Every structure is written in structure tokens, then in C-alpha cells.
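# Reading the structure
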Number of protein chains: 2
Amino acid sequence: MNDDSSARRLADTLRSVVRTAPAGSRLPSSRALAAEHGVGPVTVATALRLLAAEGLVETRPGEGTFARRASTTPGGDTAWQLTAMGPATVQATALGALLRPPRPGSVPLSSGYLAPEHQPHHLVSQALARAARRPASLGRVDPTGLPELRAWFATEAGARPDDVLVCAGTQAALATILSSLCRPGDAVVMESPTYLGALAAAQAAGLRVVPVHRGPDGAPDPQDLDRALQASGARVLYAQPHGANPTGTSWPARTHRELLAVARRHGCFVVEDDWAHDFVLAGSPRPLAADDPDGTVLHLRSLTKSTVPALRVAAVVGRGPVVARLAAGRTAADLYVSGVLQHAALDVVTGPGWRRHVRSARTLLIERRDLLAAAVTRHLGADALTHVPDQGLHLWVRLPDDADDLALAAAAATAGVDVTAGSPWWVSEPAGPHLRVSYSAADPAEAAQGVEVLAGLVRDRPRTP
Amino acid sequence: MNDDSSARRLADTLRSVVRTAPAGSRLPSSRALAAEHGVGPVTVATALRLLAAEGLVETRPGEGTFARRASTTPGGDTAWQLTAMGPATVQATALGALLRPPRPGSVPLSSGYLAPEHQPHHLVSQALARAARRPASLGRVDPTGLPELRAWFATEAGARPDDVLVCAGTQAALATILSSLCRPGDAVVMESPTYLGALAAAQAAGLRVVPVHRGPDGAPDPQDLDRALQASGARVLYAQPHGANPTGTSWPARTHRELLAVARRHGCFVVEDDWAHDFVLAGSPRPLAADDPDGTVLHLRSLTKSTVPALRVAAVVGRGPVVARLAAGRTAADLYVSGVLQHAALDVVTGPGWRRHVRSARTLLIERRDLLAAAVTRHLGADALTHVPDQGLHLWVRLPDDADDLALAAAAATAGVDVTAGSPWWVSEPAGPHLRVSYSAADPAEAAQGVEVLAGLVRDRPRTP
């Protein structure tokens, strides 16, 4: 790593040389370059590789390195596409903002991951290195998933390995579920507010999203749900019953049975997106899937959130013929999930370091949640925080009625604080302006300062006279 | 690896012990197990890890290993799903068969990959190990792809990095293209026969597949294409102009301009699935995208086929506003592609071993193609092979008019020869029964024996009197 900056400097120097050289001309030898620029051979090799990646040079073993003209086809008129493509269906602006890596130097109150220093880099790095050495992990895998990994997911969910379908992350699983079980134009019922990624997946599948409001106890009212399913004919309810993103609330255990029964009566699958499974901060939530003999629940479990962003591995756990339906849909969507990622994921979660990691992440998250909650109450008032989450990574912060959450989040970004506006997460009209404020990634002292900045922006907000 | 069999034996022994032990009881220490079973500590650790993956034991650091009762929810009645799910849209049986790893001991004449011993395991393994050590590759990446990898794909296709969208394989790219540019019920035009995965992607997107016949020169007739686009109103033509799978034919260079012009006149995108880009066996095919200033072509380039199945990395290269449309669709489908796979892919294709690998694969494929083509002609007659491919991995073998390709492929599997039936690849009725016979994976001597078996089955086929 240390060598990177000198290699980049050398690449910058060589880039201008190469750009003006005739295509096909040979560069000086690596030894000559090292001597000329006073650097080591590793630096030269790294610099040449950077230029090769940009398509500026080409290395031919035994012959040397050659300038290569980056030939770009001249651009014509592509405006015809704006008619040919038809209307856009996916509104990915808010989701795209969520996915952008944090800006260096900003306070990351918008992250959906653990802080990089709390991610189990060592476990994952070792597991990947081991997987990379095993020919079996480079080759073909069963399209439904690595048998041992399916067995692990099954045990976690109290199911059988055949009930498990491995997917390249929860988003891929959800996209497959919606396009496999719904026809375009169909309704899908979602809690409001709900996860932005679920809204995008529904848009991509051409579905109408029908809201069901979360009641004050964190769960939809069973009669509300009954009416929504009756009126819409939806075959799928998408829900986050445990530490919902963005609200941080959970369905009380006493509501599970009745809500499931309502769905079952309407022949409606319940997608239980258990995204925060490894971020339980209090209590021990019971999955809906544990009380579902008839296959109403499709349980989603991801390993990406609790490991590292690069480990795109998740599972759908279902029961009954629906599993085969989803397997066919997953095959059409992406054929199979990389064997090396599956082997590495299995290695991580069955290794002795896994439970230690989950425990230590929990301790850190509890501390960060409490400090951030205190900062919010101190700077924004007790009314700003109606609920301190028992699970997940986010606080759902209520702003004054006349505040504009989108303008506020934009102003905060300018002031160096990354935070997520609440409006795009609602299916119906927002019940007041909110910000989603994440406690996982920012250092607590920095996070508190960030909240102070937010409070200042709220205080100084433009007001209509 | 060598240790695996003794670990598996030990796991078998311990499994029956654990299954009858009370849940929560502690196993003997690793040292005691090693002594009792006369094995080393690595073997004990591996065996315990196998049992942990099956959910039978749980290791708590500093405390020991404990029996864990695999609790499975009792099964109820899931038959309601068969009504609730509605009609199945994706016919994934033939595609699923294609994806199944080869059966040990069978002659693999159905593989779409290089033989494992010809895959660049060493390059990929080293690249993955390097990527695993870099924190940047474990973390978040730009959802459109790693900038250096986009630059590499762009250079390869004569485009700009902004024109490139990295996807988790060609199938994922295709699924995104079809669901982003077509509305359910729309038509998509495909050559007949065409790639099974493309048919499945179209079914999943709810599209009508409209065939355009491949002429004797390997390309659709421009007037046929004109009529198909006119009648169907399709906004997308999916094609494999270079070494098509399954036919092995290519569009002659002189047809490119006219076919593109027809598509352009109808405001129709042309998906150029360049799956066999790295398997050019003769000539130097020019991509359609190289003569497309107006953004008609969406060029698909995969690295999976030419590296290893685990490296699920591909790109769509386009031009114009369509790239943003596809980026939104890709985000809704799977958020982003694992950084570790992207870093490893970049490392492989910009390293000095890459071109050597592609060259040596080419030499091997030419040899295998020629030997298999000779065996087909010898055992099945000169009429069985009308075309020897200049690109790709497959021969398209014509069977006698009254042969049943599906029954023949099933009989061949029973006889230990894996080969792919032609019928499912057609969009319209098949122009005669065919088998797709792959030359990449089987040892040439074995492959010739496999063809002899096929010829025997053809000779002895049931005939209607």
C-alpha cells in the first residue's frame, strides 16, 4: 500500500509521455525506468499496471511494454434513445445516494454498514484467501447454492437445506421474489415508510406499491392489513418486522400470529426482510418464519451487512413449492452466485471468530446508539426521538412540522455532515419530516458534533412568515 | 486438502455421537478428540468445522464445542401456494440442466466453460488473494463499477469509461437490459436458435420473444429483420453476432452495417452478446459496437467464460442516455457488484499472464475443435456438421430428420455422455433435430469415444415403421 503514492506519481509522469508517443512504440525497459526516475522495480511495475488498466499501454511478456492508442469511436447523435426507451420506471436517485461511498472528511451519519474499522476485515480476508486457494471454490456450484452454506442458513432459520436459496445479496433476492410471484401491474403491499431498495425493486418489476401504515406499536394494524390485501389483491407483503429500516421499530411478538394469519387468509406471501439479524441490541426477537408451518413467510437473511460490503451473499428461506419458483427466477436473473464468495462466507460464519465479532459489534453499536440518541435529544429536543431502536443501525429523527427534510439533508452535506432525508422512504405521504441518522459508522464524538450541525440548520431553517 | 478425507471420517464418527447427545452438552476437548481418534489437531478442527456448518455443533471461543439441536419447524400444508403463485413464467429446466456441474466420470460434451485444467486458476487465485488483502476491495464501490475496471472494459470496446456498467455476469446484464428497456408484454426479437439464458431472461421480464431466422450465411436477412421489427414494435434485438451459442456461426462483416441500420431505423437497441470474445479461433472479428456512433448497440462482454466460473464479472458498454437507464435498473436488481471480484478481475486482465492465457486457450481449443469435428464427421457422417466454428466452444450437430434430440440426449446421459439437446434453443419450430456438442471440456480421446456412443444411439434410435 505504502508504495501506491510513488507508483501513482510515476504513472502521472509516464501518462503524458505515453499520450504523445506514437501508438505501438516501445517504452524504456523497467530497469531503465527505475533508474531514470529513482524508484524500485515494484513501483515501476505498479505504475505500468495502472497505465495498462487505463488502456494506455500493453505489456507483452518477453517483449516489453508498448504505447497503445486508446481509440474511441467518435460520438454521434444518441437523442433518439430518449423516445425509444419509453418512460423511466425506476427512481434510483435516493437509493443511488445511499450507495455512494462516504465522502472523505464528512461525518458519516448516513451509512448502512458498520464502520470500516469494526468490520471483520481479518476474518473475511483470511476466508477469501483460503477460498482462493481451493479449486472447488473457483469452479461451478449448484445454482441453488453451496450445500454446506444452505445447511448453515437452514439451521439458523429452523428450516431444511432444501428450503434455502442462496442469492447475491438481499436486493437480488427481493428482485427475484417480486418478479417471480407478481405479474406487472399487480400490487405489492409494503409498510410505510419502508426500505428504499424494496421500492426500487417493486418499480423495476412494474408493480403498484400499496402502503400499510405502521401503527404506534411498530406493526401494521391487522384490520388495516386485511383491508389493504382485500382491496389490492396483493400476493406479496414486504415487511421488516425487526429493527425496520428506517424507523428502527419492530413488530411486537404478540402481533406476529395475527398478522401472519391475515396474510395467510388472503393467500399472500410475507417477505420477512431480516436485514438486521446480526444487530440485535436488546432482547431476542423471534423470526416470523419460526411460527409458519404453511410456507407463508419468505425469510431473507443477509451476510453483507454484518461482514463487509464485498461479501454479497444472502439467502431466501421458504417452505413448499415456492422455493422452486424462486430458484427458476434466480437462475433467469443471474445464473448462480460466485463460489468463492459462498465458500468465504461459509468459512466466516462457521469459524470461531464469528460469534466474537457479532458480540463485539453489538457492544459497540449499543454504545454508539446511546451516545447519538443522547446528542439528538440534547440538541434537537426530546420530541425529536420517539423511539430508541433495539435492533439495527439507525435513529429515525422527527423534525419540526415546517422543516424540509430534503433541503436540510442537502444543507447538511454542504456543511460536511452526511445524513439521509426521510421523504423518499414513504409510500404514502410522509407523516411529518424526518431524517434517518445512522450511529454505526461515525466516531461518537464526531457524530455528536454532526448532530449539533444538524440542530443549527434546523434552528436557522427558512420559515414562511 | 489431503487432510480432508480423514477429517470427513472423523466428522462421520462424531456426527452420530452428537446426534444422540443432549442439546447443549459439551464435546471432549480438541486434544482429547485427537488422542482418542489418533489424528492431528488440524483434522479435529476441520471435522468440527464441518459439523458446525451442518448446524450440529457450536464452538464458543474459550469455552469449547457444544452439541446443538437442529430445530426444524414441523411442516404444514403448503399446497395453497400452487394457486397463490399464479402461472409459472420462467421455463428454467433446460437452462438448469446446463448449469449443473458435470457428473463425475461422465464425458463432458455439454460444458460452456474451459476444462478446469485449462482455466487460469493460478492467475485468478493469486489475484483473489491480493484483493483479499486490500481493505479497499472489501469495502464499498461505485455502483456503476470500479473506475479502473470500467476504464479497461471501455478501452477494449473503443468506448469511454462512463459508457461502461459493470454487472455480475452477462445473465445479470441481460436481465437488467430487458427489464429496463421493455415493458411487460412487449416483444423482443431474438435469432432462432438462440442462447437459453436469453430466453429465460425474456420470460422473467414478461416479454414475447419474436424469432428472426439465421440465414445460411449466419446472419438474419435484413428484410426479415425489418419485417419482424415492424410487426412486433420490439425495442430490443438480442443477438450473438460472433460465434453464436449454440450454432457456432457469425454474422459476416459485410452484413453488420445493413443490419444495424435496420435496427436504428426502427429505434431498436441491438444487444451484441460478445460472450465468446476471448475464444476467437480464426480471423479477427470486428464488434458491431465499433461502427455505432449513435448508441444503437449495447455490447456485452463477460470475463467469467474466459477465466473461472467464480469470477462473475461482466460489462455492458453503451453510448448515450441509455447507460443511466441501465444503471438505475442494475441498482434495483442487485445494488452493486462485489468489490473483491472486481479488483481480482482487473488484476487478472491487466497482468502479464492474461494474454498468454488467452493465446494458450485458443491453441487448445483449435486442437479440440478439429479433433471433435473429425470424430463427428467420421461417426455421424459429413452431413452432421455443416459448419466448423471460428469462435466459441460448441459444434452444432445435425441429426437425421426422424431423430428425437431430447430422447437422444437423455439416453446419452444414461450411457455416460453429457450432451445438450437442441430443441429448447429454438424460438420458432426447430429446423431439424440437433445436438450441441462442446469441445472445450472433454479430453479429445474421451470426446471421440463420446461421439462414438452418440453415433451408436443415433443408429439404434427407435423408428416409426
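Residues numbered from 1 in each chain as written. Chains lettered and ligands numbered in written order. Predicted model: local features only at pLDDT ≥ 70, side-chain atom pairs only at ≥ 80, totals over all residues. Heavy atoms only, no water.

## As for the overall build of chain A
Broken down by element type, chain A carries 17 helices and 14 strands. For 465 residues, the compact-globule estimate of 2.2 N^0.38 gives 23 Å, and chain A sits close to it at 25 Å. Oriented by its inertia axes, the alpha-carbon framework of chain A measures out at about 80 × 60 × 55 Å. Out of the 465 residues in chain A, the part that is buried amounts to 58%. When contacts within chain A are restricted to residue pairs at least 6 apart in sequence, those whose partners lie at least 24 apart make up 76%. Summing over all exposed atoms, chain A offers an accessible surface of approximately 18,000 Å²; the carbon and sulfur share of this is 54%. (Helix = DSSP H or I, 4+ residues; strand = E, 2+ residues; numbered from the N terminus. Rg over C-alpha atoms; globule rule 2.2 N^0.38 Å. Buried < 20%, exposed > 50% of the residue type's maximum accessible area, 1.4 Å probe, protein only. Contact = heavy atoms within 4.5 Å. Areas by Shrake-Rupley, 256 points an atom, 1.4 Å probe, with all protein chains shown as cover.)

## Regarding the relation of the copies chain A and chain B
Between chain A and chain B, which share one sequence, the superposing operator has a rotation angle of 180 degrees and an axial displacement of 0.0 Å; the RMSD is 0.1 Å. With respect to symmetry, the two chain copies, as superposed, fit the operation of a two-fold axis. The rotation axis passes nearest to the C-alpha of A:Ala129 in chain A, at a distance of 2.4 Å. By residue overlap, the copies meet face to face through one surface: 99% of the interface positions of chain A are interface positions in chain B. (Least-squares fit on C-alpha atoms with pLDDT ≥ 70 in both.)

## Details of the side chain of A:Arg325
With respect to the helices and strands, the residue A:Arg325 is situated in helix α13 (residues 322–334). Of the side chains with opposite charge, A:Asp186 lies nearest to the buried A:Arg325, which makes no salt bridge, at 9.6 Å. A polar atom in the side chain of A:Arg325 sits 2.9 Å from the backbone oxygen of B:Gly86. (Lys, Arg positive; Asp, Glu negative; His and termini not counted. Salt bridge = Lys/Arg side-chain N within 4 Å of Asp/Glu carboxyl O. Polar contact = N/O pair within 3.5 Å; in protein donor to acceptor, adjacent residues only side chain to side chain.)

## Observations concerning the packing of helix α3 (residues 41–53) of chain A against helix α14 (residues 339–350) of chain B
Between α3(A) and α14(B), whose axes approach to 10 Å, the crossing angle comes to 100 degrees. Taken as axis vectors, α3(A) and α14(B) run roughly perpendicular relative to one another. Every residue of α14(B) that contacts α3(A) at A:Arg49, A:Ala52 and A:Ala53 is listed here: B:Leu346, B:Asp347 and B:Thr350. (Axes fitted to C-alpha atoms, helices over the stretch in contact; angles between N-to-C directions. Parallel < 35°, antiparallel > 145°, perpendicular 65-115°, else oblique.)

## Description of the confidence of the model for chain A
Looking at chain A as a whole, the pLDDT averages 92, with 97% of positions reaching at least 70. Interface predicted TM-score (ipTM) for the complex: 0.87; the corresponding pTM is 0.87. (pLDDT = per-residue confidence, 0-100.)

## Looking at the environment of B:Val18
Residues and elements named next belong to chain B. You can see valine 18 is positioned in helix α1 (residues 4–20). Taking the C-alpha atoms as reference points, valine 18 and alanine 67, 49 residues apart in sequence, are found 5.9 Å from one another. Apart from the residues lying within four places of it in its own chain, the contact partners of valine 18 are Leu27, Leu56, Val57 and Ala67.

## Brief notes about unusual backbone geometry
Note: most peptide bonds trans; most residues except glycine with negative phi. Residues and elements named next belong to chain A. Following serine 192, the chain continues into proline 193 via a peptide bond in cis, with omega recorded as 0 degrees. Turning to its location among the elements, proline 193 is positioned in the loop between β5 (187–192) and α10 (196–204). At leucine 335, a position not held by glycine, the phi torsion is positive, near 65 degrees. Its place among the elements puts leucine 335 in the loop between α13 and α14 (339–350). The exposure class assigned to leucine 335 is buried, which follows from its relative accessible area of 7%.

## Comments concerning the interface of chain A and chain B
Across the boundary between the two partners, chain A contributes 111 residues, which contact 111 residues of chain B. Together, the buried faces of chain A and chain B total about 9,300 Å²; carbon and sulfur atoms form 60% of this surface. Of all residues in chain A, the largest losses of buried area upon contact with chain B belong to A:Trp80, A:Met85 and A:Arg140, amounting jointly to 9% of the total for that side. Summed over the shared surface of chain A and chain B, the number is 4 salt bridges. With a shortest N-O distance of 3.4 Å, B:Arg355 and A:Glu58 are connected by a salt bridge. At the junction of chain A and chain B, the tally comes to 49 residue pairs in polar contact (both at pLDDT 80 or more). Broken down by element, the side of chain A that touches chain B gets its largest block of residues, 8 residues, from helix α6 (residues 121–133) of chain A. Split into classes, the residues belonging to the side of chain A that touches chain B amount to 57 nonpolar, 28 polar and 26 charged. (Buried area = accessible area lost by both parts, 1.4 Å probe. Nonpolar A, V, L, I, M, F, W, Y, C, P; charged D, E, K, R; others polar.)

## So, the packing of aromatic side chains
Within this structure, the stated rule accounts for 8 aromatic pairs over all chains. Plain terms: the ring middles of B:Trp396 and B:Trp426 are 6.3 Å apart, the flat faces sit at 40 degrees to each other, and that makes the pair tilted. Of this pair, B:Trp396 sits in strand β11 (residues 394–398) while B:Trp426 sits in the loop between β13 (420–421) and β14 (434–438), placing them 30 residues apart in sequence. The pair formed by B:Trp396 and B:Trp426 is uniform in burial state, with each residue classed as buried. One cation-aromatic arrangement involves B:Lys305 over B:Tyr113; the distance from NZ or CZ to the ring centre is 4.5 Å. Across from the ring centre of A:Tyr336, 4.5 Å away, lies the NZ or CZ of B:Arg312, which sits over that ring. (Phe/Tyr/Trp six-rings, centres within 6.5 Å; stacked < 30°, edge-to-face > 60°. Lys NZ or Arg CZ within 6 Å of the ring centre and 35° of its normal.)

## Considerations on the domain arrangement of chain A
Partitioning chain A into domains gives domain 1 (3–67), domain 2 (97–112 + 355–459) and domain 3 (121–350). The C-alpha centroid of domain 2 of chain A is placed 46 Å from the C-alpha centroid of domain 1 of chain A. (Domains from an automatic or database assignment.)

## Here's the deal with the sheet that holds β11(B)
All names here are of chain B. Strand order in the open sheet formed by 3 strands is β11-β14-β13, with antiparallel pairing between adjacent strands. Whereas interior strands pair on both sides, the edge strands pair on one side only; in this sheet they are β11 and β13. Sheet topology places β13 next to β14; 2 bridges connect them, and they run antiparallel. Residue threonine 420 lies in a different strand from β14, and its bridge partner there is arginine 436. The strands touched by helix α16 (residues 405–414) within the sheet are β13 and β14, with β14 carrying the most contacts at an inclination of about 40 degrees. (Pairing = 2+ DSSP bridges.)

## A closer look at the sheet that holds strand β14 (residues 434–438) of chain A
All names here are of chain A. Read across the sheet, 3 strands follow the order β11-β14-β13 without closing on themselves; strand pairing throughout is antiparallel. The outermost strands of the open sheet, each flanked by one partner alone, are β11 (394–398) and β13 (420–421). Set on the sheet, helix α15 (residues 353–380) makes contact with β11 and β14; between it and β11 the angle comes to about 10 degrees. Sitting on the sheet, helix α16 (residues 405–414) is in contact with β13 and β14, with an inclination near 40 degrees to β14.

## What to know about the pairing of strand β1 (residues 57–60) of chain A
Residue and element names in this part refer to chain A. Bridge count for β1 against strand β2 (residues 64–67) is 4 bridges, and the pairing is antiparallel. In the sheet register, valine 57 faces β2, and the bridge partner there is alanine 67. Remark: 3 residues form the turn of the hairpin made by β1 and β2, two consecutive strands paired antiparallel; glycine 62 in that turn has positive phi of roughly 80 degrees.

## Some points on the pattern of salt bridges
Per the counting criterion, the structure on display carries 38 salt bridges over all chains. Two residues, A:Asp347 and B:Arg49, come together in a salt bridge whose shortest N-O distance is 2.2 Å. One end of the pair, A:Asp347, is in helix α14; the other, B:Arg49, is in helix α3 (residues 41–53), on a second chain. Owing to a relative accessible area of 13%, A:Asp347 belongs among the buried residues under this scheme. Here the salt bridges share partners, and the residues they tie into one network are A:Arg49, B:Arg130 and B:Asp347.

## Digging into the side chain of A:Gln171
Residue placement: A:Gln171 occurs in helix α9 (residues 170–181). On the accessibility criterion, A:Gln171 (3% relative accessible area) is buried. Here A:Gly197 takes part through its backbone oxygen, which lies 2.9 Å from a polar atom of the side chain of A:Gln171. Apart from residues no more than four positions distant in its own chain, A:Gln171 is found in contact with A:Tyr195, A:Gly197, A:Ala201, A:Arg312, B:Thr331, B:Ala332, B:Ala333, B:Asp334 and B:Leu335.

## Points about α3(A)
The α-helix winds at 3.6 residues per turn, so residues separated by three or four positions along the chain end up facing the same way. Residues and elements named next belong to chain A. Between its first and last C-alpha, α3 extends 18 Å over 13 residues, near the 18 Å set by a 1.5 Å rise per residue. Restricting attention to buried positions, one finds in α3 the residues Thr43, Val44, Ala47, Leu48, Leu50, Leu51, Ala52 and Ala53. Positive backbone phi, at 80 degrees, marks glycine 55, one or two positions downstream of α3. (Expected span 1.5 Å × (residues − 1).)

## As for the state of the cysteines
Think of a disulfide as a covalent bridge from one cysteine sulfur atom to another cysteine sulfur atom. Residues and elements named next belong to chain B. Under the counting rule described, the total for this entry stands at 0 disulfides over all chains. Cysteine 182 supplies the cysteine sulfur nearest to cysteine 167, a cysteine that is in no disulfide, at a spacing of 15 Å. The class for cysteine 167 is buried, based on a relative accessible area of 0%. Cysteine cysteine 182 shares no disulfide, and the gap to the nearest cysteine sulfur, in cysteine 268, comes to 8.6 Å. (Disulfide = S-S within 2.5 Å.)

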